[in-house]
Amino acid sequence: MLTADRVGSTSISISLPVSTASYTDSSDDETSPRDKQQKNSKGNSDFCIKNIKQADFGRREIEIAEQEMPALMALRKRAQGEKPLAGAKVVGCTHITAQTAVLMETLAALGAQCRWAACNIYSTQNEVAAALAEGGFSVFAWKGESEDDFWWCIDRCVNLEGWQPNMILDDGGDLTHWIYKKYPNMFKKIKGIVEESVTGVHRLYQLSKAGKLCVPAMNVNDSVTKQKFDNLYCCRESILDGLKRTTDVMFGGKQVVVCGYGEVGKGCCAALKAMGSIVYVTEIDPICALQACMDGFRLVKLSEVIRQVDIVITCTGNKNVVVRDYLDRMKNGCIVCNMGHSNTEIDVASLRTPELTWERVRSQVDHVIWPDGKRIVLLAEGRLLNLSCSTVPTFVLSITATTQALALIELYNAPEGRYKQDVYLLPKKMDEYVASLHLPTFDAHLTELTDEQAKYLGLNKNGPFKPNYYR
């Protein structure tokens, strides 16, 4: 019972019902999910998540996401009569969020069986994982996994007696790597790999170059719909969200260095510049470097500005971009974070030494303190900032998720011989189809070519409108 202070001569008394559950409920947080026996309402226990009781909250999150993912919902409707993934057994390793849940449930509607693990130890939405488990999906993930938990979850996904995956959907390449390492014979029945991230694609090209790629793979990361929308527009919004939620920093006047001016870097720089930050860029590629200069950013070497900047953001997809020497030279209070997929860009391991003190400030925020009292603010222990510390725009993820679904359908249904043991880009016609499915949301009306115009350009009136090499 809450009673308000008396105003004049009136007293207001308000009774609030006591909630018996909450998606933030942490009463059993100390217990590892690996040590708990959980079942969903149908008695199924083939999953490992934080708390199955959070399923109702997760379902509401998924329902909100569905409203912003029109293309996937359209695919579901079109699948009522046909099941293009009937017989597909998809093993996935991605961020487990409400948006991914919509993708997984769409794949199931298209006829696939799915088993899933998380590609990041911090990005799982526990309530969404619970909703998926309640819905019958075999999900092995929770927020705050250890490194050992991470690989254990992937192994539980893959290693099930009587169940053999025939498709892989990966984000970062860890699942593909694990199967190559532990269960190479599985590739005899796997029809293809769909990979989303620059890190995972790099691994695939390495395998292909070495002649070790056993199956066809689809490079979704370099599809136009992924590069121009997810990497750019998603990061343009989520970089600010992640930094605000973790540090409450004001961007106006802050000096920021963004390492890498690919699509992710472009999105980060545009957002920070619009908020009044002074933005520097580091780049190895002269083409991207020239783009940064012509967009009004100062191109520097990290060593030239490391002592003066307030925020350091990595988004290169590389390793050892910010090494211990740079960390030692940063100013007091410098914020350090990563917007690339992998946690290799910032040398966090070099900070775990006896002379440095770590203080947890809040979830995903650590102070690393030097002997002289200087401290830096490290976010998500150098892992992907936006999905570890905030959320990302659902509509943009709808574009990427639809691209992933179509890539799976294409590889799964391709006649033998169409794709060899190599890495392929999504056909441009599919890219354009994904984009077209999202236009009705904006009440957008495409102009149609006349026969004369189409003949003049040498195009089919219905596309594709760009060559396959267009990026």
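This one's a predicted model, so the numbers in the text were calculated from it and none came from an experiment. (Residues numbered from 1 in each chain as written. Predicted model: local features only at pLDDT ≥ 70, side-chain atom pairs only at ≥ 80, totals over all residues. Heavy atoms only, no water.)

A few words on the UniProt feature "binding site: substrate" (unreviewed entry) in the protein. Per the UniProt record, "binding site: substrate" (unreviewed entry) is found at Thr97, Asp171, Glu196, Lys226 and Asp230. Structurally, the position occupied by Glu196 is in the loop between β7 (192–195) and α7 (198–209). Those residues within four positions of Glu196 in sequence are excluded, and the remaining contacts are Asp170, Asp171, Val220, Asn221, Lys226, Asp230, Thr400 and Gln404. Position of Asp230 relative to the elements: it lies in helix α8 (residues 224–247). Residue class for Asp230 comes out buried when judged on its relative accessible area of 7%. If sequence neighbours within four positions are ignored, Asp230 has contacts with Glu196, Thr225, Cys235, Val396, Leu397 and Thr400. (UniProt positions renumbered as here; feature names shortened; annotations may be inferred. Helix = DSSP H or I, 4+ residues; strand = E, 2+ residues; numbered from the N terminus. Contact = heavy atoms within 4.5 Å. Buried < 20%, exposed > 50% of the residue type's maximum accessible area, 1.4 Å probe, protein only.)

The full count for this structure, using the stated rule, is 20 salt bridges. The closest approach of N and O atoms between Asp148 and Arg34, which form a salt bridge, is 2.8 Å. A residue pair is termed long-range when its members are at least 10 positions apart, and Asp148 in helix α5 (residues 147–158) and Arg34 in the loop between β2 (13–14) and α1 (55–67) qualify at 114 residues. Among the residues examined, Arg34 registers a relative accessible area of 31% and is labelled partly exposed. A salt bridge links Glu355 to Arg324, with the shortest nitrogen-to-oxygen separation between them at 3.1 Å. Taken as a pair, Glu355 in the loop between β13 (335–338) and β14 (357–362) and Arg324 in helix α12 (residues 324–329) lie far apart in primary sequence, 31 residues in all. Of the residues examined, Arg324 reaches a relative accessible area of 18% and is grouped as buried. Here the salt bridges do not stand alone but share partners, grouping Arg59, Glu66, Arg76 and Glu105 into one network. (Salt bridge = Lys/Arg side-chain N within 4 Å of Asp/Glu carboxyl O.)

What follows deals with the state of the cysteines. Applying the stated criterion across every chain, the model contains zero disulfides. Here Cys389 is not disulfide-linked; the sulfur of Cys337 is the nearest cysteine sulfur, at 8.4 Å. For Cys389, a relative accessible area of 14% gives the class buried. (Disulfide = S-S within 2.5 Å.)

Burial along strand β6 (residues 167–170) is two-sided: Met167 and Leu169 and Ile168 and Asp170, pointing in opposite directions, are all buried. Sheet analysis places strand β3 (residues 89–94) next to β6, joined by four bridges and oriented parallel. Bridge pairing in β6 links Cys93 to Asp170. Sheet analysis places β6 next to β7, joined by four bridges and oriented parallel. Looking at β7, one finds that Asp170 is bridged to Glu195. Traced from β6 through helix α6 (residues 174–182) to β7, the parallel crossover comes out right-handed. (Pairing = 2+ DSSP bridges. Right-handed = clockwise from strand over helix to strand, strands pointing away.)

Another aspect to go through is unusual backbone geometry. Look at the link from Gly463 to Pro464: it is a cis peptide, with omega at 5 degrees. Locating Pro464 in the fold gives a position in the segment after α16 (451–457). Positive phi is not limited to glycine here, since Asp248 has a value of about 55 degrees. On the secondary structure map, Asp248 appears in the loop between α8 and β9 (255–259). When its relative accessible area of 53% is taken as the criterion, Asp248 is described as exposed. With a phi angle near 55 degrees, Ala380 is a residue other than glycine that sits in the positive phi range. Looking at the element boundaries, Ala380 is found in the loop between β16 (375–379) and α13 (385–389). Classification of Ala380 as buried rests on a relative accessible area of 0%.

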